[in-house]
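Structural overview
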Amino acid sequence: MRVSSTRAAGLLLLLTAVATAVSVMTRLAGSDEPLEGAAIQLPVILDTGQYVISGAARTISGFALVAAAAFLRVAIRPGQPMLAGTAATLLELSGAATAISGASMLALAGFLPQSTEGVASLVAWDAPGWIGAVDGARSITGKLGFMLAGLGLMVLGPVQWRMGGLLRVFAVADVVIGVAMVLIWVDAATVMHRVSGIAFLIWLIVSGVWLTVGLLRPARR
């Protein structure tokens, strides 16, 4: 059976949502971020298996978002090619950055300390500098992917608004969620990061279901 680009985009967004949820849950169970002011700013692995699953799930979610955005470009571009193309590109870049972040986690799984004593050992034995560099890449690409997804939603808002109907409600929500996601670089907005993360997950699920069941209508010219 042939799957339309709209339905393919929806299914891939749902895959992104599932992989993202798995990544977050296993990351929380598998590692702990260093305390501010610690001698070395590396995560402490509490459960290597969970950490590996988290990294793999994050990588999958990134690739799934890239593919979903590619199909979404085809599905929504006819009505507003410039805005739709820009939104799809931002989501593709977001997925690519997220995949790199997940791959970095997998590369670090066997080298990060497994206790606070392990952190001290890394400092004492002058651990390879690449560990810190790769962990920095993990953190930066993770935030970059989140920010780019937020920008993608902000650009997607006007596209959905022009489609009319119930999509106008989603258009407003897209912009609000997108603005909150862009603030990922502001350390003081920790609570907002959590809220925007949950909101983005809900967006992935709702949009995925919406596209999968074929409720999307071409944008008016």
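As a reminder, the structure under discussion sits directly above these lines.
Read on for a plain summary of the structure. Keep in mind that what you see is a predicted model, and the values were worked out from it rather than measured.

Moving on to the overall build of the protein. Counting its secondary structure elements, the protein contains seven helices and two strands. Its helices and strands taken in sequence order, the protein reads α-β-β-α-α-α-α-α-α from the N to the C terminus. A buried classification covers 45% of the 221 residues belonging to the protein. Of the contacts made within the protein by residues no fewer than 6 positions apart, 75% connect residues no fewer than 24 positions apart. If you sum the accessible surface of the protein, you get close to 11100 Å²; carbon and sulfur atoms cover 72% of it.

Attention now goes to a nonpolar patch on the surface. The grouping of Ile140, Leu144 and Trp185 at the surface amounts to a nonpolar patch, some 270 Å² of accessible area in total. As for its placement among the helices and strands, isoleucine 140 is situated in helix H5 (residues 129–163).

In this section: the packing of aromatic side chains. Considering all chains together, one arrives at three aromatic pairs under this definition. Measuring from centroid to centroid gives 5.5 Å for phenylalanine 170 and tryptophan 210, while their planes differ by 65 degrees, and the two rings are edge-to-face. Residue phenylalanine 170 is located in helix H6 (residues 167–182), and its partner tryptophan 210 is located in helix H7 (residues 190–212); the two are separated by 40 residues in the primary sequence. Classification of tryptophan 210 by relative accessible area gives buried; the value is 16%. Between the aromatic rings of phenylalanine 200 and tryptophan 203, the centroid separation amounts to 5.9 Å while the plane-to-plane angle is 10 degrees, which identifies the pairing as stacked. Of this pair, phenylalanine 200 and tryptophan 203 both sit in helix H7, separated by three residues, roughly a single helical turn. The exposure class assigned to tryptophan 203 is buried, which follows from its relative accessible area of 6%.

Here we come to the side chain of serine 54. Here serine 54 shows up in helix H2 (residues 48–76). What makes serine 54 buried here is its relative accessible area of 0%. From its side chain, serine 54 meets the backbone oxygen of serine 23 in a polar contact 2.8 Å long.

Moving on: the environment of alanine 70. Secondary-structure assignment places alanine 70 in helix H2. Here alanine 70 falls in the partly exposed class, since its relative accessible area comes to 33%. Spatially, the C-alpha atoms of alanine 70 and leucine 91 are 8.8 Å apart, while their sequence positions differ by 21 residues.

Once that is clear, we can look at empty space enclosed by the protein. Considering all chains together, one arrives at one cavity of 30 Å³ or more under this definition. Within this model, the largest cavity holds a volume of roughly 170 Å³. Lining the largest cavity we find 15 residues, and of these Gln160, Leu167, Ser207, Trp210 and Leu211 sit closest to its centre. For the lining of the largest cavity, the secondary-structure elements that each account for two or more residues are H2, H5, H6 and H7. Element by element, the count of residues in the lining of the largest cavity is highest for H7, at five residues.

Analysis parameters
Residues numbered from 1 in each chain as written. Predicted model: local features only at pLDDT ≥ 70, side-chain atom pairs only at ≥ 80, totals over all residues. Heavy atoms only, no water. Helix = DSSP H or I, 4+ residues; strand = E, 2+ residues; numbered from the N terminus. Buried < 20%, exposed > 50% of the residue type's maximum accessible area, 1.4 Å probe, protein only. Contact = heavy atoms within 4.5 Å. Areas by Shrake-Rupley, 256 points an atom, 1.4 Å probe, with all protein chains shown as cover. Patch = residues over 30% accessible without salt bridge, like charges linked within 9 Å, V, L, I, M, F, W, Y side chains within 5 Å. Salt bridge = Lys/Arg side-chain N within 4 Å of Asp/Glu carboxyl O. Phe/Tyr/Trp six-rings, centres within 6.5 Å; stacked < 30°, edge-to-face > 60°. Polar contact = N/O pair within 3.5 Å; in protein donor to acceptor, adjacent residues only side chain to side chain. 1 Å grid on protein atoms, 1.4 Å probe; cavity = no way out; pocket = protein on both sides within 12 Å on 5 of 7 lines; lining within 4 Å. Points joined across faces, edges and corners; volume = space filled by probe spheres on them.

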